[in-house]
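Here are the chains, one letter per residue:
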Amino acid sequence: MKSNEVPLNPVDAGVAPLELYFDLVFVFAITQITVVMAHDLGAESILRGALLLGLIWSGWAGYAWLGNLAVAHASTMRNLVLTAMAAIFVLALSIPEAFHDARHGLDGPWVVASCYLVFRTLHLWMYWRLSASDPPMRSQLTRFAPAVLCGTALMFCAAATHGAVQTWLWVAALAADFVGIAVGGARGWRLRSTSHFSERHGQILIIALGESILAIGVAVRGDAISWPIIATAVLGLLVATALWWIYFDVTATQAEHRLRDEPADTRARLAGNAYSLLHLPMVLGIVLTALGLKKVVQYAGADEHHTLRDPLEGFILLALLGGIILYLLAHAAFRTVLGLGVYRGRLLAVAALALLWLLGPHLPGHTMLILVAATMASVIIEESVTHAGQRSLLAAS
């Protein structure tokens, strides 16, 4: 290997400490997105939060593929990752001003677009270096790069506008990114370590679930501890635990084995569809659930306008129930794409949550949270019994 070449990962590589450190900025970014959505909870704030998450996810997924290919602690990769980390950190700082610039400072939308440009350009540059001796990867990169640059250019256009036009330009930017990925295909991408890839995506779900726990705690910060706060917080933790269980109890291991057994020439396409695409709605579902839990726990605290005896407002129901339903459906799609089958109990939970959504305006907030937690607990209990043998086989493999 030449001195200026970046070493490639072994096929059994795990996630490097630098990658875990890199992911910490996404903890902050997800927290910022939740704050933006909660500030003025409504259709526009939820849409804009989803757009922010989608574009940040697209960039994160690119670095997950890059980290799977190249050794993270090699000097060139390390310097690139740390520089990209600084760019996404500044972007995260600017998220509250991504659509509405504050006075007496830098223009927030332009800062967000500029940081995103740096973040994605560094990624493309490193892939260009790594593909120097790999013509199929170089060809794939030339098909992929225009979509990334087009999406970034649309973000700069959005920075010069306001209101609905700005939002629709963000939609176009996100669409350009994902349509470009779909059109470009996966023929030239390389997936070296399936264990690294599945572990990395599992860890980003843990980060998102951590945000849901953080949201519960932040919701009652400064309030005197009380039995309603304790009960509501524990029920919220139960819901978050159920989301963790659904992914990590059996599916995470099954998915990694399935990806490992996929032939090398189609493995990258399967990884892109199952992980890079379908984990985004899972993360969005967790973020929405965290937002809903935060609002419900606030009802148990010192909220001057609501108590847990009041029905949950429409967009709180949308966040709480819609978030869980989105997560469950995305998880079902994830298992389907991998050929693992769908658990019937989880689809029944989706139906039960949809019914609760319809009944929401007529149920007190505490009753709604109890029923949601009971629904998710039933999924855990049912699967603990029916899939005990499968769990044992996976543990022994």
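Everything discussed here concerns the structure shown above.
Residues numbered from 1 in each chain as written. Predicted model: local features only at pLDDT ≥ 70, side-chain atom pairs only at ≥ 80, totals over all residues. Heavy atoms only, no water.

Describing a nonpolar patch on the surface
Move 1: A cluster of nonpolar side chains, contributed by Y21, L24, V27 and L82, occupies part of the molecular surface with about 340 Å² of accessible area.
Move 2: Here the nonpolar patch gets 3 residues from one element, more than from any other, and that element is helix α1 (residues 17-39).
Move 3: Using a relative accessible area of 30% as the deciding quantity, one classes V27 as partly exposed. (Patch = residues over 30% accessible without salt bridge, like charges linked within 9 Å, V, L, I, M, F, W, Y side chains within 5 Å. Areas by Shrake-Rupley, 256 points an atom, 1.4 Å probe, with all protein chains shown as cover. Salt bridge = Lys/Arg side-chain N within 4 Å of Asp/Glu carboxyl O. Helix = DSSP H or I, 4+ residues; strand = E, 2+ residues; numbered from the N terminus. Buried < 20%, exposed > 50% of the residue type's maximum accessible area, 1.4 Å probe, protein only.)

Focus on the packing of helix α5 (residues 135-159) against helix α6 (residues 163-184)
Move 1: At a minimum axis separation of 8 Å, α5 and α6 run at an interaxial angle of 180°. It follows from the interaxial angle that α5 and α6 lie roughly antiparallel. When α5 is examined against α6, the residues Q140, R143, F144, A147, V148, C150, G151, L154, M155, C157 and A158 are found in contact with a partner set consisting of Q166, L169, W170, A172, A173, A176, D177, G180, I181 and G184.
Move 2: Class assignment of the residues belonging to the contact of α5 with α6 gives a composition of 14 nonpolar, 5 polar and 2 charged. (Axes fitted to C-alpha atoms, helices over the stretch in contact; angles between N-to-C directions. Parallel < 35°, antiparallel > 145°, perpendicular 65-115°, else oblique. Contact = heavy atoms within 4.5 Å. Nonpolar A, V, L, I, M, F, W, Y, C, P; charged D, E, K, R; others polar.)

Points about helix α11 (residues 279-300)
Move 1: In a regular helix each residue adds 1.5 Å, so 22 residues correspond to 32 Å; α11 covers 32 Å between its end C-alpha atoms and thus fits that length.
Move 2: Taking burial as the measure, the 22 residues of α11 include 20 buried ones, the bulk of the element. (Expected span 1.5 Å × (residues − 1).)

So, the pattern of salt bridges
A side chain of one charge can pair with a side chain of the opposite charge if their charged atoms are brought near each other.
Move 1: Under the criterion given, the structure shown has 8 salt bridges.
Move 2: With a shortest N-O distance of 3.0 Å, R200 and E19 are connected by a salt bridge. One end of the pair, R200, is in helix α7 (residues 194-219); the other, E19, is in helix α1, with 181 residues separating them in the sequence. Taken as a pair, R200 and E19 share a single burial class, namely buried.
Move 3: Where R48 meets E44, a salt bridge forms, and the shortest distance between an N and an O atom there is 3.8 Å. With a gap of 4 residues between them, R48 and E44 both fall in helix α2 (residues 43-69), about one helical turn apart.
Move 4: The exposure class of R48 is buried, given its relative accessible area of 4%.
Move 5: Overlapping salt bridges, with partners in common, bring together E19, D23 and R200 in one network.

All quantities given are derived from atomic positions and should not be read as evidence of function.
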